[in-house]
Amino acid sequence: QGGGGDTIKIGWFGPLTGPTSTDGIHSRDAAQLAIDQVNKQGGVKGKKLELVAEDDQGKPEEALKAVQKLINNDRVVALIDGAYSGPSKTVAPKVQKAKIPMVAAYVVHPDVTKGGDYVNRVIYTGPVQGKAMADYAVNDLKKKNIAVLYVDIDYGKSIYGAFKEEVQKLGSKIAIDRPFNMGDKNFSSLLTAVKAKNPDALYVVGYYNEASAIVKQAKETGLNVQFLGVDGFDSPKYLELGQQNTEGSTFTTSFYGSDPREVVQQFVKEWKAKHQSEPDMLSSQSYDAAKVIIEALKKTGPDSKALAKAINETKDLEGTSGKITFGPDHEVIKPVIFMTVHDGKFQFVKSKIYK
Amino acid sequence: MLAQQLLNGIALGFTYILIAVGLTMIYGVLKLLHFAHGVIYTVGAFSAMIGILYLNMNFIVAILFGMIIAGIAGVLVERLAYRPLRGTHPITTLISGVGIAIFVESLFQAIFTSDPRGFPATGMKVEPIHITSSISLTNSKLYIIIVGLVCLLLLYAFLKWTKMGVAIQAVSQDMRAASLMGVNVNQVVAVTFFIGSALAALAGAFVAYDFNSLFPTMGSIPGLKAFCVVVLGGLGSIPGTIIGGLILGIVESLSEGYLTGMVIDKDAIAFVILILILLLKPSGLFGKQVEKV
Amino acid sequence: MLEIEQLSVSYGRIQAVRNISLKVESGEVVTLIGSNGAGKTTTVHAITGVIPAQGSIRYEGKELCGLSAHQIVREGIVLVPEGRRVFPRLNVEENLYMGAYASKMGSAERDQEMERVFQLFPRLAERKTQLAGTMSGGEQQMLAIGRALMAKPKLLILDEPSMGLAPIVVKDIFDTIRQIKQEGLTMLLIEQNAMMALSVADRGYGLEHGEIVFSDHVENLRDQDVVKKAYLGK
Amino acid sequence: MEGWINPYYLDIIVFLFINIILGLGLNLITGYAGQVSLGHAAFYGIGAYSTAIFSVKIGLNPWLSILLAVIITFLLSAILGLPSLRVREDFLAITTLGLGLIAQSFFKNAKITGGAYGIDGIPMPSIFGHELTDVEYLLLVFIVLLVLIYVLHRLSRSKLGQAWTAIQEDEVVAQSMGINTLYYKVLAFAIGGAFAGVAGALFAHKVSFISSDTFGFTLSATLLSMVVIGGLGTIRGTLFGVSVLYLLPEVFRIFDIKIIDPNYIDTYKMILYGLLMVIMMRYRPKGVFGRKIRHQKRAVKD
Amino acid sequence: MDALLEMKGITKRFGGLTAVDQVDLIVKKGEILGLIGPNGAGKTTFFNILTGIYRPDQGNIQFNGTDITGFKPYQIANQGIFRTFQNIRLLKDYSVLDNIKLGLFRQTKAGAWSSIFGLRRSREEEKKVAEESWALLERLGLTDLANEAAGNLSYGNQRRVEIARALVSHPEMILLDEPAAGMNSEEVESLSALVRQIRQQGTTVILIEHNVGMVVELCDRLVVLDHGVKIADGDPNQVVANPAVIEAYIGGQEVTEVVGD
Ligand SMILES: Nc1ncnc2c1ncn2[C@@H]1O[C@H](COP(=O)(O)OP(=O)(O)OP(=O)(O)O)[C@@H](O)[C@H]1O
Ligand SMILES: Nc1ncnc2c1ncn2[C@@H]1O[C@H](COP(=O)(O)OP(=O)(O)OP(=O)(O)O)[C@@H](O)[C@H]1O
Ligand SMILES: [Mg+2]
Ligand SMILES: [Mg+2]
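What you see is a predicted model, and the numbers here were worked out from it, not measured in a lab.

**Regarding the interface of chain D and chain B**
Think of interface size as the accessible area that goes away when the parts come together; that is how it is often given. The interface is formed by 41 residues belonging to chain D together with 45 residues belonging to chain B. Summed over both sides, the interface of chain D with chain B buries roughly 3700 Å², with 80% coming from carbon and sulfur. Ranking the residues of chain D by area buried against chain B places Arg86, Phe91 and Ile94 of chain D at the top, with a combined share of 17%. At the surface where chain D touches chain B, the tally comes to zero salt bridges. Where chain D packs against chain B, one counts one residue pair in polar contact (both at pLDDT 80 or more). Top contributing element to the side of chain D that touches chain B by residue count: helix α4 (residues 89–109) of chain D, with 14 residues.

As structure tokens, then:
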């Protein structure tokens, strides 16, 4: 195993090229930041850590090869999964078989952790967010007739599925629901259809890219309703592309930069110094994933079985996205955070733990 | 709602038309499927952005700047990737075009990252215009329709009444005979690429402005759909392209507005229509069949 | 006027024309005869810059080798190509207009030139707006010649103007050629139909397998045995 | 056995072989029968999804699933090839491109294909209860590849090959010589599609999870470029083209080449790839192994 | 001699143009029939109808007792009707021999399976095809060119190869579309000899030509089309003396010179 020399290698994979490469690059940089921090403090048990990052181009088979390389050529002791669902789902059973612990950073598909005790995840699954927003929309905002646009991938479908169930349970209605594709820019037809249903809120389950286009065009169509969203909104790009139209939109996420906790402020400061930008939710998740592995390594060392056990036993770890504890299903238990756009900035609304 | 959806469709159709007209003309002169046309659209949008951001141009100048840069880019693509291949199997130009598309897209990703960015602010704000109480359109979309119409009329006049325009038609019909009439074929091809690319750039810049977003891969889907439009109209026919673009825009808009739970999403619907029409009319709406045996 | 020396053309491995030399004097009609694949078309393609060639083609003292087709047209050498090649989706007028593309005529002069063509081919005048692609072979041939005349050529090259045409049309075409000759235009005429070719030309060259095999005044050629046997069917 | 071979290299080779099979099928359609296809990924997807549906959703034995998947791809490819027969030659590239996008859209939205979730848990085939290991799977893929190379080789010399050649060069002549062009074109799509179906099925069982993203236009286009760069209408060409272009990016990965800013290495790789395509076409428009004059060897009497 | 081909009321329109108009034609077995007429008279269109490339708008075609109206081109070839084209259509990148073997396509039976498994039948067939093609090349004196790419041949030789391809499977009937176009008189002579040979082997010939001299000398019968209508049908010498034919096609007196006879 990779503990042999005087460095310990940790693998990372995710999209470094292709349309989703920004997410991959942020994720990798965040993991790197966590590792640099430990190394500055002298490493783990006298050994330096090293991050080996591989591109999966957003494709399952590339992820598989990348992970095989990380395990067999680089002999990493653990993996950070900085990828989307397809690659993550492909890789999960293979790392389980190879018995190399993996921590998923931001992928929300429920199946990723189903394989066994070598795969954990530091973000809650899609349905948790859906349930949380349903609770907020119906109970806090008293919305009765909610329109939904969701991105047509498992991310959108799984969050929306839980949202719909919960909204109906709580006695409100879904006015209309329509899928859209990643990369879509023109929403005029969808929004015309939405407007015809006279909803009192519009829940957009997707990433900032399309979400910003939707809020902008919704305002232009004259659809002036409460905007609700998900952690995909959580990027400065949402504000840049959506301009003043984003004002008032509220979304769930797992991280906010103005969180006064020490760990968050430290992270934000170092990130800013290095990248001249604000860290986003995805970076925070990836940082936390690295952190989970590092803390476990500190407790046990590079033996994979012990390491996996230590990861599973993580409890109340101060992460940038809240206190991290893993449940028996290898899923994280931590609060959902509600944020809103106010005066052109993200502002904290409240946080609450959902299961 | 129907009227609004039709209007949405027409506005969308005009962006398709502006991209597709270039493809049609280029197919006409060189009988070549120009797979790098989508990146030219992107080049147009980015050039306009650079014009505003770094060269302090105003909106209109920046759009013209984008058109010129894209026009030059189009001419260069022809010069470097297509001209050396004249006379070889059509598939080689196809691959060469795809190569250029990959090259330019990746280059843009290296320079600008794959992140979308906003279209820089100018005095021009995107605002809705209310036509009736329930029907509205953003001013930017209205500009696309108006500018598109003007460009098409100019193009028609150019092809019909100028010497170069007639030469373009002549080269489309018989390249060698045209050169024997003293037409400088390479010059005609360059002009065609320039015009076609400039029109695509116009569409690219307007779309970026309307949606306040531009990114390196923005041209790939519009590029593919433009092919659909061109074939729908019967490759090489400009009126066909116009009808094809409108059909596509309207069908997409209506299908998105009214249909739910489809197994085929709206990006693929374009091609479903295409294939249905080709089954009925194998050479497209305005295409001329028949090879004389 | 036109002087070709040591001209060679090859397509890949095969050499279609080998070191040929020929001359056309001002005011002359010269014919180039030879069986299929002899290299006649290849030769005129080389002259008109359609294909690259080695050797020397001098025209009024100027070297043409290396110039491209559109530049050569501007020198006043115009080809009526084999198989007519009119622009099928342009109408008759537009086709003629294309003929004048390279010249710097004003529009008045161009219209005058067009009138002259219409006088020569009344049939074309009747059909000004017909699309060329829908015309019969003979009509297309007339249009092709008319189109070339629009450029006011100093040297007109005709490549098998009678090919694939009905005898009645062939006769018409040759009448026209005679008429143009009367007006003093220099021509290089390629023909399979040696009988007809020799009836209008002043001098003739025979081309076989890419080489000149004979050349003489037409009166002498008619009496030569090789010519009789191969081309005149006697 | 597992011990002495690095599973990473095994995987590269398995995927390489799968891509070669895919390329051979495309070469059959485009190189041998002259039907330009920009939608080959559709057939690949049909193979992969069929076997996934049979083995996961219906619970059939993986071997049986693979067999059924190939049969289904054969039939569906024939049907999908049909519209392509009616359209003009220039349009074919665009129609097949469209068919590819439609198929991908279907994979993504239909219930049976798992929609946006895709299908996971696709089992490894096993022999006598023993699940194939990585090495054994490689062996399986290798044998399939050899068989298919032989099949393509024989086909190209058969009456079918002759018909395809004629159709590719001049359809009117082909018909006038008594060739039922419709039948032979459909057959080309069906057989080429079935090759892709085999590749898709092998792929699905290897990765255990499939989703629509894999089967898009990019794959069709890069595959076509590999086949063309290798040389249309030759088996060697496809072997060469796919191997070189598929392995090239992997070489970057293995040797960790860091001449330039590693942040951008992956982007630079694509820039180079695009350039390479243009340059190859410029200097070898017939591909590396493309030949000018093709004649069937044994024809010549001496 | 009995009628091999019987066509009744054949009509074909393109848009407003009637390219072939109510044409009746009977061709006897073993005949050499000449089809002449001005440019655009509908001769090639007539061939295209006969070979199934166009479907006639009206009319009926009987061949060898079978109604072949509406048959596809390949079905018609399988009935034994082969043709050449006005613009030569050879597979240019392929060898002469490969081109000729294509003519034997309809006689090979081995399909995909027997080829894949290398069965004896397919191997025997391959051998037979090669032998027959070679034999024909020998007869036409083209063996030297057997391995040349067809596109590199001279025009005259390309014509011969095209005829050979139509001939190699011993068809019942062969249709030649302007085979002498652009040939000099020596070449025309040898072409005429070849056509006579073809008839000798029992194949019926229909020939489109503008070379009136050749046609008159070679054909048993002449049919003249003008504007799609049959205006004459009969003995060649009588047909060319027919005033209607002279007016529509041949032209005035001095034309006999043009014809080069
Ligand atoms: N594009 C080409 N590629 C290869 N060979 C060619 C090409 N064009 C002509 N040839 C060959 O060059 C030789 C001369 O052809 P060319 O067309 O000049 O003959 P020609 O005398 O004009 O004959 P024709 O009377 O048939 O018009 C022939 O052998 C021909 O096959
Ligand atoms: N596919 C087609 N579409 C439209 N018109 C056609 C088509 N094919 C032929 N024609 C027209 O039909 C008429 C007859 O043409 P065809 O080719 O049969 O004449 P032809 O007698 O063979 O003449 P030539 O002696 O010049 O070869 C012409 O006017 C031609 O333009
Ligand atoms: Mg010639
Ligand atoms: Mg004809």
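**A short note on the site of ligand 1**
Taken together, 17 residues surround ligand 1, and among them Asn36, Gly37, Thr41, Thr42 and Glu82 of chain C come closest. Each of chains C and E places residues next to ligand 1. Contacts to ligand 1 include glutamate 82 of chain C, whose side-chain N or O atom sits 2.6 Å from an oxygen atom. Contact between ligand 1 and glutamate 160 of chain C: an oxygen atom at 2.8 Å from a side-chain N or O atom of the residue. Within the complex, the protein chains bury 75% of what would otherwise be the 640 Å² of accessible surface of ligand 1. Residue composition of the shell around ligand 1, grouped by class: six nonpolar, eight polar and three charged.

**Describing the domain arrangement of chain E**
Residue and element names in this part refer to chain E. What the domain assignment reports for chain E is domain 1 (1–80 + 171–261) and domain 2 (92–169). Averaged C-alpha coordinates put domain 1 and domain 2 at centres separated by 27 Å. If you look at the interface, domain 1 gives 18 residues, while domain 2 gives eleven residues. Both faces combined, the contact of domain 1 with domain 2 buries some 1200 Å², and carbon together with sulfur accounts for 59% of it. Considering only the side of domain 1, the residues that lose the most area to domain 2 are Pro171, Leu194 and Gln201, jointly responsible for 33% of the buried surface there. Counting every contact that joins domain 1 to domain 2 gives zero salt bridges. For the pair domain 1 and domain 2, the interface holds four residue pairs in polar contact (both at pLDDT 80 or more). Looking at the side of domain 1 that touches domain 2, the elements that each hand over two or more residues are α2 (73–78), β7 (173–177) and α7 (185–200). For the side of domain 1 that touches domain 2, the leading source of residues is α7, giving five residues.

**Here's the deal with the confidence of the model for chain D**
Residues of chain D with pLDDT of at least 70 account for 90%, and the chain-wide mean is 87. Within chain D, the element-level pLDDT minimum falls on helix α11 (residues 265–283) of chain D, averaging 83, and the maximum on helix α2 (residues 40–58) of chain D, averaging 96.

**Remarks on the coordination of the magnesium ion (ligand 4)**
Residue and element names in this part refer to chain E. Protein coordination at the magnesium ion (ligand 4): the donors are Thr44 (OG1) and Gln86 (OE1), at 1.9 to 2.1 Å from the metal. Taken together, the residues threonine 44 in helix α1 (residues 43–50) and glutamine 86 in the loop between β6 (81–83) and α3 (96–102) connect sequence positions 42 residues apart. Residue classification places threonine 44 among the buried positions, given a relative accessible area of 12%.

**With respect to the pattern of salt bridges**
All told, the structure shown has 56 salt bridges over all chains when counted by the stated rule. Taking the shortest distance from any N to any O, the salt bridge between glutamate 139 of chain C and arginine 123 of chain C comes out at 2.5 Å. Of this pair, glutamate 139 of chain C sits in helix α6 (residues 137–150) while arginine 123 of chain C sits in helix α5 (residues 122–126); the two residues are 16 residues apart in sequence, bridging distant segments of the chain. What makes glutamate 139 of chain C buried here is its relative accessible area of 6%. We note a salt bridge from arginine 178 of chain C to aspartate 175 of chain C, for which the minimum N-O separation is 3.3 Å. Taken together, the residues arginine 178 of chain C and aspartate 175 of chain C, both in helix α7 (residues 167–182) and three residues apart, mark about one turn of the helix. We classify aspartate 175 of chain C as partly exposed; its relative accessible area is 38%. A single salt-bridge network, built from bridges that share partners, covers Asp184 of chain A together with Lys225, Glu252, Glu256, Lys266 and Asp267 of chain B.

**A short note on the pairing of strand β6 (residues 77–80) of chain C**
Residue and element names in this part refer to chain C. Neither face of β6 is open: one carries Ile77 and Leu79, the other Val78 and Val80, and all of them are buried. With four bridges connecting them, β6 and strand β7 (residues 155–159) associate as parallel partners. Considered in β7, the bridge of isoleucine 77 is made with leucine 155.

**Considering the interface of chain B and chain A**
Contacts between chain B and chain A engage 30 residues on the former and 26 residues on the latter. Between chain B and chain A, a total of about 2400 Å² is buried, with carbon and sulfur atoms accounting for 46% of that surface. One salt bridge in this structure joins aspartate 184 of chain A and lysine 266 of chain B, with 2.9 Å as the shortest N-O distance. Inspection of the chain B/chain A interface yields 17 residue pairs in polar contact (both at pLDDT 80 or more). Elements with a minimum of two residues in the side of chain B that touches chain A: α1 (2–30), β2 (136–138), α8 (185–211), α10 (238–258) and α11 (266–280) of chain B. Each residue belonging to the side of chain B that touches chain A can be placed in one class, and the counts come to nine nonpolar, 13 polar and eight charged.

**Considerations on the pairing of strand β6 (residues 145–151) of chain A**
Residues and elements named next belong to chain A. Counting buried positions over the seven residues of β6 gives seven, a clear majority of the element. Burial along β6 is two-sided: the face carrying Asn145, Ala147, Leu149 and Val151 and the face carrying Ile146, Val148 and Tyr150 are both buried. Of the strand pairs in this sheet, β6 and strand β7 (residues 173–180) are connected by seven bridges, and their pairing is parallel. Bridge pairing links valine 151 to phenylalanine 180 in β7. In the classification by handedness, the crossover that spans β6, the intervening helix α5 (residues 154–169) and the parallel β7 is right-handed.

**Here's the deal with the environment of threonine 125 of chain A**
Residue and element names in this part refer to chain A. Relative to the helices and strands, threonine 125 is located in the loop between β5 (119–121) and α4 (126–140). Relative accessible area serves as the criterion here: at 13%, threonine 125 is assigned to the buried category. Between the C-alpha atom of threonine 125 and that of lysine 355, which follows or precedes it by 230 residues, the distance is 9.8 Å. Beyond its immediate stretch of four places on either side in the chain, threonine 125 contacts Val108, Pro110 and Glu331.

**Some remarks on helix α6 (residues 163–173) of chain B**
Burial analysis of α6 of chain B places nine of its eleven residues in the buried class, the great majority of the element. Within the span of α6 of chain B, buried status applies to Met164, Gly165, Val166, Ala167, Ile168, Ala170, Val171, Ser172 and Gln173 of chain B. Looking at the packing, one finds that the buried side of α6 of chain B touches α1, α5 (139–161), α7 (175–180) and α8 of chain B together with α3 (92–99) of chain C.

**Observations regarding the coordination of the magnesium ion (ligand 3)**
Residues and elements named next belong to chain C. Surrounding the magnesium ion (ligand 3) are the protein donor atoms Thr41 (OG1) and Glu82 (OE), at 1.8 to 2.3 Å. Placement of the pair is threonine 41 in helix α1 (residues 40–47) and glutamate 82 in the loop between β6 and α3, with a sequence separation of 41 residues. Accessibility expressed as a relative area gives 15% for threonine 41, which makes it buried. Looking at glutamate 82, the relative accessible area reads 30%, which means it is partly exposed.

**So, the packing of aromatic side chains**
If you walk through the whole model with that rule in mind, you get 39 aromatic pairs over all chains. Seen from their ring centres, tyrosine 44 of chain D and phenylalanine 203 of chain D are 5.4 Å apart, and the 45° between their planes marks the pair as tilted. Note that tyrosine 44 of chain D is positioned in helix α2 and phenylalanine 203 of chain D in helix α8 (residues 181–207), a separation of 159 residues in sequence. For the pair formed by tyrosine 44 of chain D and phenylalanine 203 of chain D, the shared burial category is buried. Of the aromatic side chains, those joined through ring pairs into one cluster are Phe15, Tyr44, Tyr49, Phe107, Phe203 and Phe215 of chain D. Positioned above the aromatic ring of phenylalanine 338 of chain A, the side-chain terminus of lysine 350 of chain A is 5.2 Å from the ring centre. Directly above the aromatic system of phenylalanine 105 of chain E lies the positively charged group of lysine 159 of chain D, at a separation of 4.4 Å from the ring centroid.

Definitions and cut-offs
Residues numbered from 1 in each chain as written. Chains lettered and ligands numbered in written order. Predicted model: local features only at pLDDT ≥ 70, side-chain atom pairs only at ≥ 80, totals over all residues. Heavy atoms only, no water. Contact = heavy atoms within 4.5 Å. Buried area = accessible area lost by both parts, 1.4 Å probe. Salt bridge = Lys/Arg side-chain N within 4 Å of Asp/Glu carboxyl O. Polar contact = N/O pair within 3.5 Å; in protein donor to acceptor, adjacent residues only side chain to side chain. Helix = DSSP H or I, 4+ residues; strand = E, 2+ residues; numbered from the N terminus. Near = heavy atom within 4 Å. Areas by Shrake-Rupley, 256 points an atom, 1.4 Å probe, with all protein chains shown as cover. Nonpolar A, V, L, I, M, F, W, Y, C, P; charged D, E, K, R; others polar. Domains from an automatic or database assignment. pLDDT = per-residue confidence, 0-100. Donors = N, O, S within 2.8 Å, 3.2 Å for Na, K, Ca; no water. Buried < 20%, exposed > 50% of the residue type's maximum accessible area, 1.4 Å probe, protein only. Pairing = 2+ DSSP bridges. Right-handed = clockwise from strand over helix to strand, strands pointing away. Phe/Tyr/Trp six-rings, centres within 6.5 Å; stacked < 30°, edge-to-face > 60°. Lys NZ or Arg CZ within 6 Å of the ring centre and 35° of its normal.

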